[in-house]
Amino acid sequence: MTEGYLLPEISTTEPTQVYYTSATIGGVVISDGGTAIIERGICYSTIKHPTIESSKITSGTGLGSFSVDLSNLTDSTTYYVRAYAINKKGVSYGEEVTFMTEGYL
């Protein structure tokens, strides 16, 4: 029963350490919506508006900050990334962030 619960509130942080085939990115779970966060992480794609059905990396549970290392990326490619959090009510996504991996000369 999900009555009385809200979706989680989450934000996406800016990527750091962006290289040829890797990057570090994270998020902050601000509110759990009244019920425990059962999964959180980052979803990413080369297509806008990635979801958990796209590629994703999980990063534990609960409130607060987290980060993940994305690897095996393609050089010189634009990626779209969003943090996500799941509770009993459903999935919430942070704002979409884009970055481009470095290119080989």
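Read on for an overview of the structure. As the structure is a prediction and not an experimental result, all values here were calculated from the model. (Residues numbered from 1 in each chain as written. Predicted model: local features only at pLDDT ≥ 70, side-chain atom pairs only at ≥ 80, totals over all residues. Heavy atoms only, no water.)

**Observations concerning the packing of aromatic side chains**
Overall, the coordinates contain one aromatic pair when judged by the stated rule. Pairing Tyr79 with Phe99 gives two aromatic rings, centres 5.7 Å apart and planes at 20°, and the pair type is stacked. Residue Tyr79 is located in strand S6 (residues 78-87), and its partner Phe99 is located in strand S8 (residues 97-100); the two are separated by 20 residues in the primary sequence. Residue placement shows Arg82 over the ring face of Tyr93; its charged tip is 4.2 Å from the ring centre. (Phe/Tyr/Trp six-rings, centres within 6.5 Å; stacked < 30°, edge-to-face > 60°. Helix = DSSP H or I, 4+ residues; strand = E, 2+ residues; numbered from the N terminus. Lys NZ or Arg CZ within 6 Å of the ring centre and 35° of its normal.)

**So, the nonpolar core**
Ile25, Ile42, Leu70, Leu73, Val81 and Phe99 are the most contacted members of the largest nonpolar core, which has 17 residues in total. Elements represented by at least two residues in this core include exactly strand S2 (23-31), strand S3 (39-45), strand S5 (64-70), S6 and S8. Among the elements that take part in this core, S6 stands out by supplying four residues, more than any other. Sequence-distant contacts of Ile42, defined by excluding residues within four places in its chain, comprise Ile25, Gly26, Ser55, Lys56, Ile57, Phe66, Val68, Leu70, Val81, Arg82, Ala83 and Tyr84. (Core = buried A, V, L, I, M, F, W, Y, C linked by side-chain atoms within 4.5 Å. Buried < 20%, exposed > 50% of the residue type's maximum accessible area, 1.4 Å probe, protein only. Contact = heavy atoms within 4.5 Å.)

**Description of the sheet that holds S2**
Pairing in this open sheet of three strands is antiparallel, and the strands run S1-S2-S5 from one edge to the other. With partners counted over all chains shown, the strands left at the sheet margins are strand S1 (9-12) and S5, one partner each. Strand after strand, the sheet turns through a mean of 25° between neighbouring axes, direction not considered. In this sheet, S5 lies alongside S2 in antiparallel orientation, the contact comprising seven bridges. Bridge assignment links Gly26 to a residue of S5, and that residue is Ser67. (Pairing = 2+ DSSP bridges. Axes fitted to C-alpha atoms, helices over the stretch in contact; angles between N-to-C directions.)

**Points about unusual backbone geometry**
Backbone geometry at Gln17 places phi at a positive 50°, although glycine is not the residue there. With phi around 60°, Asn72 is a residue other than glycine that occupies positive phi space. Along the chain, Asn72 falls in the loop between S5 and S6.

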